[in-house]
Amino acid sequence: MTDRPELLEELAAALPRWLPSQRWFAGKDRPVTAVRPLASTVVLDGDPLLLHVVVEVVQDDRVEPYQLLVGHCSQPPDVSAASWITTDPVGLYEASGDADLTAVLLTKMIEGEQVGTLRFAHEPGVELEPGLRARPITSEQSNTSLVYGSRYILKLFRKLSTGENKDLVLHRALRDVGSTHIAQPLGSITGELAGEPVTVGMLQQFLPDAVDGWAMATTSVRDLMAAPSTPEDPGAQPHPDEVGGDFAGEAERLGASVAEVHADLARALGSEPVDAGELDRTVKAMLDRLDAVAARVPDLIPHVPALRSAFEQVRGLREETGIITMQSIHGDLHLGQVLRTVGGWLLIDFEGEPAASVDERRALRSPLRDVAGMLRSFDYAAHSLLVGQDADEAHVERALEWATRNREAFCEGYAAAVAGGTAGLGDPREQSTLLRAFELDKAVYEVSYEHANRPDWLGVPLASIARITDGGDRT
Ligand SMILES: Nc1ncnc2c1ncn2[C@@H]1O[C@H](COP(=O)(O)OP(=O)(O)O)[C@@H](O)[C@H]1O
Ligand SMILES: O=P(O)(O)O[C@H]1O[C@H](CO)[C@@H](O[C@H]2O[C@H](CO)[C@@H](O)[C@H](O)[C@H]2O)[C@H](O)[C@H]1O
């Protein structure tokens, strides 16, 4: 269904220029050739007007749907200059920063309203507080999140894919088995795309006291780098366990929390043993990704033979390592996806890797992939402070020591939490060949991510690949 077609024409003409400047737009690697409106719904009629719009963005042979909240008002609203999509005669603007308009979304979720094809709902049994106003969060994101009065956070998914969104499905499944490591899902907004339902928004409990794991871990690394040597031995560098900001206790608790989430996901959604065919498909996928990234990033080429050999070792592993299982997992776990609250660690954003296809994100996977993602993140946290600096051997040594200590603590916490528990989950260190392959596969993904997004950081995953492939297995 299409409401207000005259505005859509104006919008479609302006979007090819406006979209690439948005942080959440995932197609910055090539020009936008056309934007075609697929559906529009008037959520609030009058002046101001709030229009929910789904457009199809065409970039050569790639065609992807995105959602927009579009505002229109005769009185200029209080929004940032970057929000204006058109300015002539009275402009159309991206409305997620307009608190007068976004308040309507919460009201409609409370009422459980249907507007055109948009269905606003609260989760069963949830009573939401009315009248809260929203502010968008300013962190760099793939989607847009609005915080209502420090109580709720509404994530508006930007790039849409049909079917229920994995983030929402996994949050509901974890809530249903009583997981204590998630922000509770409280509501949703569902639309329609090509005649199929599509999740466009997810409302969750907002944790105002939360600090993300990346901020905590990098503070700990900074403390270590800044710590003076001991008066007894002025030549010696302090070790991570000797300085105030040691993170190992947190890393261990985080390992236990991730393990509990894996066990809960297996309980809620099931798990299955891996057969040899599945291991072959896993190896093929890793080799395919390696070839694709090496074709774009020449710096990876010298590492290709060692990476291939590490991936090939995964074939036939089943006999060696006992049972390897597949289940629903987080899919893109790193220190920026975990929040420390007074009550413990929470995992957020269960969507999976932003660049993966819907089928890849929904497929059952080995939980060791999440472990590998987090181990990579400890490596990142340790080395991120050295980005752009001349190598200082003492700093590099301390960074490695910090990473090793926290990786080990994370695995320790994970292993202790699953001991004697869910079948198929065990001490990650006992599956070192698979874990090493997953870590290297993640590092190849990061090479591609950094090449496209933060070229200054490319050296971080490349140096890790060199270390892991040179040094054999390590924790
Ligand atoms: N429930 C929550 N409570 C507090 N902060 C949150 C919550 N959920 C997300 N955040 C904050 O919002 C940021 C983006 O959330 P995320 O789900 O990762 O969005 P995206 O999919 O856009 O990357 C997080 O890094 C975190 O700082
Ligand atoms: O959080 P997103 O889903 O947007 O994840 C993407 O961006 C991440 C960076 O913001 C990227 O993570 C990489 O950098 C992190 C430090 O900034 C580090 O902790 C991670 O280990 C490293 O992978 C992630 O890969 C990408 O998918």
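- The name given to the chain in an unreviewed UniProt entry is Maltokinase, and the organism recorded there is Labedaea rhizosphaerae.
- Database annotation for the chain, UniProt heading Catalytic activity (unreviewed entry): "D-maltose + ATP = alpha-maltose 1-phosphate + ADP + H(+)".
- Checking UniProt for the chain, the heading Sequence similarities (unreviewed entry) contains the comment "Belongs to the aminoglycoside phosphotransferase family."

**Some details on the site of ligand 1**
Part 1: Inspection of the region around ligand 1 gives 17 residues, with Gln141, Asn143, Lys155, Gln205 and Leu207 positioned closest.
Part 2: Between ligand 1 and Asn143, the relevant distance is 2.9 Å, taken from an oxygen atom to a main-chain nitrogen or oxygen of the residue.
Part 3: Between Asp349 and ligand 1, the recorded distance is 3.1 Å, taken from a side-chain N or O atom to an oxygen atom.
Part 4: When the free accessible area of ligand 1 is taken as 550 Å², the share hidden by the protein chains comes to 86%.

**Notes on the packing of aromatic side chains**
Part 1: All chains considered together, the criterion is met by 12 aromatic pairs.
Part 2: Aromatic pair Phe247 and Trp402: ring centres 6.1 Å apart, planes at 25°, arrangement stacked. Of this pair, Phe247 sits in the loop between α4 (213-226) and α5 (248-269) while Trp402 sits in helix α11 (residues 393-418), and the two are 155 residues apart along the sequence. The same class applies to Phe247 and to Trp402, which are both buried.
Part 3: Three or more aromatic residues joined by ring pairs form one cluster here, namely Phe247, Trp345, Phe378, Trp402 and Phe410.

**Topic: the site of ligand 2**
Part 1: For ligand 2, the set of nearby residues contains 13 residues, the closest of which are Ser377, Tyr445, Glu446, Tyr449 and Arg454.
Part 2: Measuring from an oxygen atom of ligand 2, one finds a side-chain N or O atom of Asp332 at 3.1 Å.
Part 3: The separation between an oxygen atom of ligand 2 and a polar side-chain atom of Glu446 is 2.7 Å.
Part 4: Out of a free accessible area of 540 Å², ligand 2 has 88% covered by protein chains.
Part 5: For the shell around ligand 2, the elements supplying multiple residues, two or more each, are α10 (368-384) and α12 (432-453).
Part 6: Among the elements that take part in the shell around ligand 2, α12 stands out by supplying 3 residues, more than any other.
Part 7: In terms of residue class, the shell around ligand 2 is built from 5 nonpolar, 4 polar and 4 charged.

**A few points about the pairing of strand β11 (residues 196-205)**
Part 1: Among the 10 residues of β11, 7 are classified as buried, and the element is accordingly described as predominantly covered.
Part 2: One ladder, built from 5 bridges, connects strand β9 (residues 152-156) with β11; its direction is antiparallel. The residue of β11 that forms the bridge with Tyr152 is Gln205.
Part 3: Bridge analysis of strand β10 (residues 185-193) against β11 gives 8 bridges, and the strand direction is antiparallel. Note that in β11 the partner of Glu192 across the bridge is Pro197.

**A short note on the domain arrangement of the chain**
Part 1: Along its sequence, the chain is carved into domain 1 (5-95), domain 2 (99-205) and domain 3 (211-469).
Part 2: One C-alpha centre belongs to domain 1, the other to domain 2; they are set 21 Å apart.
Part 3: Across the boundary between the two partners, domain 1 contributes 23 residues, which contact 22 residues of domain 2.
Part 4: Across the domain 1/domain 2 interface, buried area totals approximately 1900 Å², and carbon plus sulfur atoms make up 66% of it.
Part 5: For the domain 1 face of the interface with domain 2, the top three residues by lost area are Arg23, Trp24 and Gln67, together amounting to 32%.
Part 6: The interface formed by domain 1 and domain 2 contains 2 salt bridges.
Part 7: Ionic pairing is found between Lys159 and Glu64, a salt bridge with its closest N-O pair at 3.5 Å.

Calculation criteria
- Residues numbered from 1 in each chain as written.
- Chains lettered and ligands numbered in written order.
- Predicted model: local features only at pLDDT ≥ 70, side-chain atom pairs only at ≥ 80, totals over all residues.
- Heavy atoms only, no water.
- UniProt positions renumbered as here; feature names shortened; annotations may be inferred.
- Near = heavy atom within 4 Å.
- Polar contact = N/O pair within 3.5 Å; in protein donor to acceptor, adjacent residues only side chain to side chain.
- Areas by Shrake-Rupley, 256 points an atom, 1.4 Å probe, with all protein chains shown as cover.
- Phe/Tyr/Trp six-rings, centres within 6.5 Å; stacked < 30°, edge-to-face > 60°.
- Helix = DSSP H or I, 4+ residues; strand = E, 2+ residues; numbered from the N terminus.
- Buried < 20%, exposed > 50% of the residue type's maximum accessible area, 1.4 Å probe, protein only.
- Nonpolar A, V, L, I, M, F, W, Y, C, P; charged D, E, K, R; others polar.
- Pairing = 2+ DSSP bridges.
- Domains from an automatic or database assignment.
- Contact = heavy atoms within 4.5 Å.
- Buried area = accessible area lost by both parts, 1.4 Å probe.
- Salt bridge = Lys/Arg side-chain N within 4 Å of Asp/Glu carboxyl O.

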